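A structural walkthrough
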Amino acid sequence: MSHPLRTLFRKEARQITRSRKTVAAAALVPALMLIFVTTGDIVTLKLGFGKKPIYLLSSSHAVSGTFLLRHYTLPILVSISALVTPSIVMGDVLFGERERRTLDLLVALPVSAFHVVLAKLLAVLLFAVSVTVPLFALNVLIVHLFGYASFTQTVSLFEIMLCAICYSAASALVIAFVAGEARAANIVSGLLLGPIVPLEGLILGGIKSEIALSICALLLLCLTAFCLTWSIRLLSFERLFGTA
Amino acid sequence: MRCFAQGEHSDVTRSRTPGYHWAMSAPSGADAAIDLQGVTKLYPGPVRALDKVTLEVRKGELCCLLGPNGAGKTTIIRLLQGALSATEGTVRVLGADVHGKGLIEAKRQIGIVPQSPGMYPDLSVREYLSFVRDLYGKGDVERTAVSYGLEEYIDRTLSTLSGGFQRRLLVAAAVISEPSVLLLDEPTVGLDPLAAADTRRLLQAAMAGRTVLMSTHNLAEAEELCNTVIILRRGTVLVHERIEDLRRQAAPRVHLAARQGQEVLGRVLTEFNMRWTPNEAGAWLHLLEPEGEMPDVLRRLLAAGVDVYECRIVPPTLEDLFVEVVTRI
């Protein structure tokens, strides 16, 4: 890591961890999804609910509640958790800096827009991983304790989680560059993140094998690459200031 | 100082924009610390913030950017920071193109005081100065804090400092690495008179021996801190001149007061075919050579029965010059 990048990264990481509201907001959804909702689903299954077969996407093959949890619910919960955290934090470090006008302080220093953005991206990714990975580990522990997941499925879910974190952070970059103000940012955010869960639902519902998880991860990875390429093309202080 | 009418050209002009040019007589050269060549900046709208601006600020020059609101002062400072891209033309600082690879290295030689920026609510003065020092690669946090009277506040967060101390911190951050160029964007705007005077005192010390480009609305401040002036209007450079030369070029005014009052004094001056304007206590008399012409004028006034009890030659202030340039050119 270059010297300015390291210095900027340290500042961003310090600021993210000191922002209690952001930390709480970013950790809340993953905690709900990966711990409470998952535990609730498992308890429901253990109590005997969900024994009635369910037909997914007008399929002629009925699936059990256990299959639904393993193949459908868990990947969706993991994806939502991983998509929400970087999006919230990135929004705060990019838009917050613009709205508080502290970006004026940064641009006055010997740093490039590339360094500023990369430092923010790395700090957000590190924070998102450090929040979601322990919660995911707890989720894995709960699911394995009740015998609802295999090792290969856990690895696939971990892949989805990492790819969703990357996509969420990369899409937040695009949002910061194309949206001049908060309302536009919400719209672009909705357009970029909103379709992901229904899309995953379609893939998981359509392909009822573990390869569906890998396809979801690959899709997220491709979208990440697209957003990063787009961001690099737009990268400038002018875009960060929202004056372009 | 030379004054060129519209359409005239000179190879010694340092400010070359459409319209009139009161230009410095020295030729441009490699000693320019700040160099804008044919710069146009369009904002979305489109709004033409700068229109083919060409100017150079030499090493060691203490230059102020003056102009009414929307003249393009902050746009020039932001272009020099690399925060904006020019729609047309080139912007160079210390020889480095602001969008080239050498900008970061050049910016290590530049201290910038932005215009009323936001303050981090979660970084202390020590952390912020250390952050700035680390990015510049040199500087002494403790010594700078002491020099700028910030030692008592070193562990306070930036947003809890008063306006005056926030401005001190910005000046301290700008000079921590001993840069050779300072860019100051309205450094005292929004401060109360005491804090503004305090900031000016710090700036005066910080500016010594450096190249400075300072944008300001405050003409007294410009006069106190700078030795050259660039006057902008609607995105074009009207004047780039030494304040002293500009003042020398402009005719001084003579303040006259008579016992009979402004009306009688004015009527007699009009009868004498003299150019005058009223002021609070009497009249401003506009003469090309007041010292040579005034004895005769006074004799004629006394002979006409006007009892003149006050006669004072008033050198033009920067404010007078500014108004003259902006309204006449």
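Summary of the structure given here. (Residues numbered from 1 in each chain as written. Chains lettered and ligands numbered in written order. Predicted model: local features only at pLDDT ≥ 70, side-chain atom pairs only at ≥ 80, totals over all residues. Heavy atoms only, no water.)

**A look at a nonpolar patch on the surface**
All names here are of chain A. We apply this condition: Here, patches come from residues exposed beyond 30% relative accessible area and free of salt bridges, joined within 9 Å for like charges and within 5 Å for nonpolar side chains (Val, Leu, Ile, Met, Phe, Trp, Tyr). Each accessible area value is a Shrake-Rupley result obtained with a 1.4 Å probe; residue values ignore everything except the protein chains displayed when judging cover. The term salt bridge refers to a pairing of a side-chain nitrogen on Lys or Arg with a carboxyl oxygen on Asp or Glu at a separation within 4 Å. Numbering of helices and strands runs from the N terminus; a helix is a DSSP stretch of H or I covering at least four residues, while a strand is a stretch of E covering at least two. Remark: exposure states derive from per-residue accessible area (1.4 Å probe, protein chains only) relative to the maximum for the residue type, with buried under 20%, exposed over 50%, and partly exposed in between.
On the surface, a nonpolar cluster with roughly 410 Å² of combined accessible area is contributed by Leu138, Leu141, Leu145 and Phe146. Mapped onto the elements of the fold, Phe146 is located in the loop between helix H5 (113–145) and helix H6 (151–178). Under the relative-accessibility criterion, Phe146 is labelled partly exposed at 37%.

**Comments concerning the packing of H5 of chain A against H6 of chain A**
Residues and elements named next belong to chain A. The cut-off we apply is this: All axes are obtained by fitting lines to C-alpha atoms, using only the stretch in contact for helices, and the reported angles, taken between N-to-C directions, cover 0 to 180 degrees. For classification purposes, an angle smaller than 35 degrees is called roughly parallel, one larger than 145 roughly antiparallel, one from 65 to 115 roughly perpendicular, and anything else oblique. Note on convention: the crossing is left-handed when the near helix lies turned anticlockwise from the far helix by less than a right angle, right-handed when the turn is clockwise. We call two residues in contact when some of their heavy atoms are within 4.5 Å.
Where H5 meets H6, the closest approach of the two axes is 10 Å, and the angle between their N-to-C directions is 150 degrees. Judged on the interaxial angle alone, H6 and H5 are roughly antiparallel. The handedness of the crossing between H5 and H6 comes out as right-handed. From H5, Val117, Leu121, Leu125, Ala128, Val129, Thr132, Val133, Phe136, Val140 and His144 reach across to H6, where they touch Phe151, Thr154, Leu157, Phe158, Met161, Leu162, Ile165, Cys166, Ala169, Leu173 and Phe177.

**Quick look at helix H10 (residues 290–303) of chain B**
All names here are of chain B. Where we set the bar: Any helix carries an expected span of 1.5 Å times its number of residues minus one.
Counted at 1.5 Å a residue, the expected span for H10 with its 14 residues is 20 Å, and the 19 Å between its end C-alpha atoms agrees. Every buried residue of H10 is listed here: Pro290, Met294, Val297 and Leu301. Summarising the contacts, the buried residues of H10 are in contact with strand E13 (253–258), helix H9 (262–271), strand E15 (283–286) and strand E16 (308–314).

**Concerning the interface of chain A and chain B**
This is how it is decided: Buried area: the sum, over both parts, of the accessible surface (1.4 Å probe) that disappears when the two are put together.
Contacts between the two partners involve 27 residues from chain A, matched on the other side by 30 residues from chain B. Approximately 2700 Å² of surface area, both sides summed, lies buried where chain A meets chain B, with 60% of it carried by carbon and sulfur atoms. Run the count over chain A and chain B and you get 4 salt bridges. The residue Arg18 of chain A makes a salt bridge to Glu127 of chain B at a minimum N-O spacing of 2.6 Å.

**Focus: the sheet that holds strand E3 (residues 32–43) of chain B**
Sheet strands line up and pair through hydrogen bonds in the backbone, either parallel or antiparallel. Residue and element names in this part refer to chain B. Note the following rule: Pairing between strands requires that DSSP locate at least two bridges from one strand to the other.
What the 4 strands build is an open sheet, ordered E4-E3-E6-E7; its pairing is antiparallel. The sheet terminates laterally at strand E4 (47–58) and strand E7 (96–97), the two strands that pair on one side only. For E3 and strand E6 (residues 88–93), the ladder comprises 5 bridges, and the chain directions are antiparallel. When the bridges of E6 are listed, Ile34 appears paired with Val93. Sheet contacts for helix H1 (residues 73–81): E3, E4 and E6; angle to E3, the most-contacted strand, approximately 115 degrees.

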